[in-house]
Amino acid sequence: MPAPSFCLFDTAIGRMAIAWNDHAIVHVQLPEADPDATRASLLARLPDAHAGTPPQEIRAAIHRIRGLLRGRPDDLADLPLDWDRVTPFERQVYEFLRTIGPGQTTTYGAIASALGRPGAARAVGRALGVNPFAPIVPCHRVLAAGGRPGGFSAGGGVATKLHMLAIEKEGADATANPVADGRIGTDRSAGSQIGAPAAATDVARGHAEPATTGAGDDRHDDDGHDEAMMEQAIALAQRAAARDEVPVGAVVVCDGEVIGRGFNRTVGRHDPTAHAEIIALRAAARRLGNHRLVGCELYVTLEPCAMCAGAIQHARIRRLVYGAADPKTGACGSVVDLFAERRLNHHTKVRGGVMAARCGAILSGFFALRRN
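As the structure is a prediction and not an experimental result, all values here were calculated from the model.

J.: Just checking my understanding: could you explain the packing of aromatic side chains for this structure?
T.: Under the criterion given, the structure shown has 3 aromatic pairs. Centroid distance Trp 83 to Phe 133: 5.5 Å. Interplanar angle 75°. Geometry classified as edge-to-face. Separated by 50 residues along the polypeptide, Trp 83 in the loop between helix H2 (56-68) and helix H3 (88-97) and Phe 133 in the loop between helix H5 (121-129) and strand S6 (142-143) bring together distant segments of the chain. The pair Trp 83 / Phe 133 is uniform in exposure class, with both members buried. Look at Phe 366 and Phe 367: their rings are 5.2 Å apart centre to centre, the planes differ by 80°, and that puts the pair in the edge-to-face class. As far as burial versus exposure is concerned, Phe 366 and Phe 367 are alike and both buried.

Shown next, in the form of structure tokens:
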């Protein structure tokens, strides 16, 4: 069997990779953290693949995949796939899933039942976990029971899944940061209302220069510290989404070590104060045995509300880093700026907009599923 060729290509959700042979598509790799990681993931599956120039039919497939990820409806069902590297059961799952078009969703159990194996939902999940053809085989359209997002093995995890669903349901609007654009305001309860979509924009505002308030600016840009900590907060936000809570995650960091973690639990705990930041602050205070968290940093995926901003100030957090802005309840400048109030006796340094597009995409996808 001749070795496949591959190339990388840019899309609205990041740089992807595609591999092909002389008659079909062999593999499609969703974006990882960076292009090198995307290439490495593809080569882990296809170690004999080599870089090549795509022929006309592969260029056409790339064009259509890009269109789908910009919100253009296209089921991609006619694109030829090479089935030689999948099991017969996996092929059954993938061929059935290709009948689920953009804007539609199904469940693991529904696929199992459609294949005549009603007890095989877990086997379906395992097949989708090794899907070599996403999004041509649209595993992002498969949800867990009760409309929960379920898992997703691609880079970014369930955040990528929710983002892709949001693009299909909202079109090009969802490729931008919906929170920073003012299209989502959240009160951290699952019943939060979403406003009408704003006009499409070509640039995600999460890519703009991050805002800072407070004296000084020690943003750790050189070593990627902020991004690494925000990754942990994003993982916690994904756990919130899996529990049908508004997906916000937070971590408290002391001397480079995470000492407190939290994600939204307002619905499950019947507690209006159970925001991600509050839970993380409580955990950190228990860890240190002190209600003052002097010298600590807090990372959260969404701009804190007034309640959380007050708690951050009372805890004497040295520095706050948040992802997406919240134009409805944000207390770091979007609605009010409690951290700029000079009459308060503590002044936390603030950096906003870190990984804002990804943080906003989690929220966008979550609320798109709820609307559906």
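J.: Can you help me understand the confidence of the model for the protein in this one?
T.: Of the residues in the protein, 85% have a pLDDT of 70 or more, and the chain-wide mean is 84. The low-confidence segment residues 177-184, where pLDDT is below 50, has 43 contacts with residues more than four positions distant or belonging to other chains. Every residue in residues 191-222 is under pLDDT 50, and counting partners more than four places away or in other chains gives 64 contacts.

J.: How do you make sense of H3 when you look at a structure like this?
T.: One full turn of an α-helix is made of 3.6 residues, so residues set three or four places apart face in the same direction. Of the positions making up H3, those classed as buried are Phe 89, Glu 90, Val 93, Tyr 94 and Leu 97. Taken around the axis of H3, the buried residues stretch over an arc of 135°, which confines them to a single face. On its buried side, H3 packs onto strand S5 (106-107), helix H4 (108-114), H5 and S6.

J.: Mind showing me how you'd approach the pairing of strand S10 (residues 297-302) here?
T.: Two faces belong to every sheet, and in a regular strand the side chains alternate between them. The buried fraction of S10 amounts to 6 of the 6 residues, a majority that puts the element mostly inside the structure. Direction of pairing for strand S8 (residues 249-254) relative to S10: antiparallel, over a ladder of 4 bridges. Across the sheet, residue Val 252 finds its bridge partner in S10, namely Leu 298. Across 5 bridges, the pairing between S10 and strand S11 (residues 319-324) is parallel. When the bridges of S11 are listed, Leu 302 appears paired with Ala 324. On the question of chirality, the crossover connecting S10 to the parallel S11 by way of helix H9 (residues 306-314) is right-handed.

J.: Hey, could you run me through the pairing of S11 in this one?
T.: In terms of burial, S11 is a largely internal element, 6 of the 6 residues being buried. Pairing between S11 and strand S12 (residues 349-351): 3 bridges, direction parallel. Paired with Leu 320 across the strands is Val 350, a residue of S12.

J.: Hey, could you run me through the nonpolar core in this one?
T.: In globular proteins that are soluble, nonpolar side chains generally tend to be buried together. Counting 53 residues, the largest nonpolar core has Met 230, Val 252, Leu 281, Leu 293, Leu 298, Ile 317 and Leu 320 as the members making the most contacts within it. Ranked by the residues each element gives to this core, the list is headed by helix H7 (residues 225-242), at 8 residues. In terms of nonpolar packing, the next biggest core, distinct from the first, is built from 44 residues, Ile 25, Leu 79, Ile 100 and Met 164 among them.

J.: Is there a simple way to explain the pattern of salt bridges in this structure?
T.: Any two side chains of opposite charge can pair if their charged atoms end up close together. By the definition in use, this model includes 13 salt bridges. When the shortest N-O distance is used, the salt bridge between Arg 319 and Asp 226 registers 2.8 Å. Here Asp 226 lies in helix H7 and Arg 319 lies in strand S11, a separation of 93 residues in the sequence. Asp 226 carries the same exposure label as Arg 319, and that label is buried. Connected via shared salt-bridge partners are Asp 226, Glu 297, Arg 318, Arg 319 and Arg 351.

J.: Just to check I follow, could you spell out the environment of Asp 75 for this structure?
T.: Inspection of the secondary structure assignment puts Asp 75 in the loop between H2 and H3. Along the backbone, Asp 75 and Pro 138 are 63 residues apart, and their C-alpha atoms lie at a distance of 8.7 Å.

What counts and how
Residues numbered from 1 in each chain as written. Predicted model: local features only at pLDDT ≥ 70, side-chain atom pairs only at ≥ 80, totals over all residues. Heavy atoms only, no water. Phe/Tyr/Trp six-rings, centres within 6.5 Å; stacked < 30°, edge-to-face > 60°. Helix = DSSP H or I, 4+ residues; strand = E, 2+ residues; numbered from the N terminus. Buried < 20%, exposed > 50% of the residue type's maximum accessible area, 1.4 Å probe, protein only. pLDDT = per-residue confidence, 0-100. Contact = heavy atoms within 4.5 Å. Arc of directions from axis to C-beta. Pairing = 2+ DSSP bridges. Right-handed = clockwise from strand over helix to strand, strands pointing away. Core = buried A, V, L, I, M, F, W, Y, C linked by side-chain atoms within 4.5 Å. Salt bridge = Lys/Arg side-chain N within 4 Å of Asp/Glu carboxyl O.

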